[in-house]
Amino acid sequence: MSFTTTIQSAAIESLEELYGRQFSEQDFQVNETRPEFKGDYTIVLFSLLKTLKESPEGLGKKLGDLLLKKHAALFTDYNIIKGFLNLSLSDDSLLHLLKENYNDICFGKKPLNHKKVMVEYSSPNTNKPLHLGHLRNIFIGWSVSEILKANGNEVYKSSIVNDRGIHICKSMIAWQEFANGATPESTNTKGDHLVGDYYVKFNNEYKQEVKELTGEGKSEKEAEKEAPIMKKTQQMLLDWEHGKPDVIDLWNKMNGWVYKGFDETYKRLGADFDETFYESKTYILGKEFVKKGLEDGSFYKKEDGSVWIDLSDIGLDEKLLLRGDGTSVYITQDIGLVKQKFEEYKLDESIYVIGDEQIYHMNVLKEICRKLGMPFADKIFHLSYGMVELTTGKMKSREGTVVDADELIDEMVDTAKKHTEELGKVKDFTQEELKELYETLGLGAMKFYLLRVDPKKRMVFNPEESIDFHGFTGPFVQYTYARIKSILRKVEEPVIDQQLQKEPLLPLERQLIIFLEKYSNVISQAAEEQNPSVVANYVFHLAKTFNSFYTEHSVANAESEEKKSLRLHISTITAMVIKSALQLLGIKVPERM
RNA sequence: GGCCUCGUAGCUCAGUGGAUAGAGCAACAGCCUUCUAAGCUGUGGGUCACACGUUCGAAUCGUGUCGGGGUCACCA
């Protein structure tokens, strides 16, 4: 039980004894005491005053006295300022925490709750390489999965690959026309980048053709429709749907290049998936539901044969579910996949990590499932995240302002190398060790930078700020870890014993212990909010507090053996919590840096 | 235009009913004969977009206004 809940129930018990009636945790708040006041935790009395017909001082005194009397081991003192009852915790209760609850603190251990959750993230198109937006998606999805696991859930990570459609055909046509058989091997280019290059090539060519046609007097719309390269692409899409062998072969070949490229990037990022769905396999699934919905009258057909659902009663308008020619649209396949996921995996929840521009789409999906009487309609959660903007404005692939994922990773790792070389602290490292360190630091900086902001909010990517290794950054926290490990290497493992209790705890020692105790709550909160930034903020604050402690007090050369033992203990736990918290963010810790 | 969302220090962000609103960056001033200075300490910097309301108490809740963004496709 955490300090907050312990104090809460102690207060409830005392209040009930004092006033002979029931109280609940809703009746008052327990907060941490602000640093400018004496005490560790504060009971806010205002909400109780009216019903109990008490003055702040009167209630504070009664409650404070009784708490001290009943829980002499827990509290040592109290003071009342305005309506705030500030309680001081005893050294013993803090030290008890270090001794008894060691593992609970460090790993925020939660019992298994047997809830099965699927987290779908990344979900790229196969016509171009991953970019900065995908990175935010991947880091959030991976981290939320790990946070849910830490809270006792059974988690499946999944990805749906958007491997078919007109966009893929664009790359294919351009490759066919202009590549002269170029392959990743022959050009020494990563497969996803090669395919992406031909996607760009298509767009340039298309633009050129449209320009020529409008020059001949055609309207913009006509030109866009009649551009030869576009016509070829549309034909190719039809051929693909009809399974024309040479098109399927080319499609397989080029997608294969892309997957190999993605895998390399995923591997470097530490992203992993338990299941990968392919749109080419799932896009047909939804059609049977459309049929079913037509039969039971949930959907309706227009004259041209297209199928619609009317959601205007809940303000979501009419939505197209099937084109006039019978082919699927985006949402058709989603309906099919939802059902497959829930049934195959017996899921309790399905979380979709998708950008916030699709909030409307996901609401429609949930509503359709509801109308179809699917029992899991309310177990679908859209973890929507805001767009990553550049300081120069939005990223747009057509304007070449996207930040490529692979390039960004290289740049971060490079920066880590530069910094490390300048500081010259690891000259005895082998080449292998150095390489690993640079990856740890570079990726740590990048992940922390993208995860430290609330997913739901839009964020600005500032290239200079992102490669900063000082302040509120991954390397700052990693550095704290490395410094602790450096101490621990020089000293034998701490033994915690009765001796600890003789000298009073100093303010920074108290502060650290109280802060460490919160870790378990932080993990719960992060899971409830599906928000890794909660963990990032916590671990930064922890490292910051430790750094103050480190500067102020010596561990290895402490004033006494007792203090040394205590501080070694605090340091060890801090290191474990840092490692555990960063692990939830997908960030590794270096033993030295 | 309808719906959704955001507006906190020069910049990037914490803070969702409690005390005098906090970090990082940037600026300035200090701290390495003692466990790693990728660190620590201090200074300056705020009409929490604005107005009204609810409350003992509002950056936080409600209504309205202004401003930014998203969305409302036989695109995905």
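Not measured: the values here are computed from a predicted model. (Residues numbered from 1 in each chain as written. Chains lettered and ligands numbered in written order. Predicted model: local features only at pLDDT ≥ 70, side-chain atom pairs only at ≥ 80, totals over all residues. Heavy atoms only, no water.)

Caption draft 1: Representation of the sheet that holds strand 10 (residues 318-322) in the model. An order of 8-9-10 is seen for the 3 strands of this open sheet, with the pairing classed as antiparallel. The open sheet has two edge strands, strand 8 (299-301) and strand 10, and neither has a second partner. On average, each strand axis in the sheet is tilted by 35° relative to the strand beside it, whichever way the strands run. Two strands pair when backbone bridges link them, and strand 8 and strand 9 (residues 307-310) are joined in this way by 3 bridges, in the antiparallel orientation. By the bridge assignment, lysine 301 is partnered in strand 9 with valine 307. Across the sheet, helix 14 (residues 287-295) is in contact with strand 8, strand 9 and strand 10; its angle to strand 8 comes to roughly 90°. (Pairing = 2+ DSSP bridges. Helix = DSSP H or I, 4+ residues; strand = E, 2+ residues; numbered from the N terminus. Axes fitted to C-alpha atoms, helices over the stretch in contact; angles between N-to-C directions. Contact = heavy atoms within 4.5 Å.)

Caption draft 2: View of the protein's contact with RNA strand B. Residues in contact with RNA strand B amount to 64 residues; listed here are only the nearest, Asp304, Lys394, Lys425, Tyr479 and Tyr550. For RNA strand B, a sugar or linking oxygen lies 3.2 Å from a polar atom in the side chain of glutamine 29. One of the side-chain nitrogen or oxygen atoms of glutamate 279 is found 3.4 Å away from a sugar or linking oxygen of RNA strand B. The set of elements that each furnish at least two residues to the surface near RNA strand B consists of strand 2 (41-44), helix 2 (46-52), strand 4 (84-89), helix 17 (405-423), strand 14 (459-461), helix 20 (474-490) and helix 23 (533-552). Grouping the amino acids of the surface near RNA strand B by side-chain chemistry returns 25 nonpolar, 19 polar and 20 charged. (Near = heavy atom within 4 Å. Polar contact = N/O pair within 3.5 Å; in protein donor to acceptor, adjacent residues only side chain to side chain. Nonpolar A, V, L, I, M, F, W, Y, C, P; charged D, E, K, R; others polar.)

Caption draft 3: Region of the structure containing the packing of helix 17 against helix 18 (residues 431-451). Close contact between helix 17 and helix 18 brings their axes to 8 Å; oriented N to C, the two are set at 120°. Here helix 17 lies oblique to helix 18, going by the angle between them. Considering how the two elements wind past one another, helix 17 and helix 18 form a crossing that is right-handed. Facing helix 17, whose interface residues are Leu408, Ile409, Met412, Val413, Ala416, Lys417, Thr420 and Glu421, helix 18 presents Leu437, Tyr438, Glu439, Leu441, Gly442, Leu443, Ala445 and Met446. Classifying every residue of the contact of helix 17 with helix 18 by side-chain character gives 11 nonpolar, 2 polar and 3 charged. (Parallel < 35°, antiparallel > 145°, perpendicular 65-115°, else oblique. Left-handed = near helix turned anticlockwise from the far one by under 90°.)

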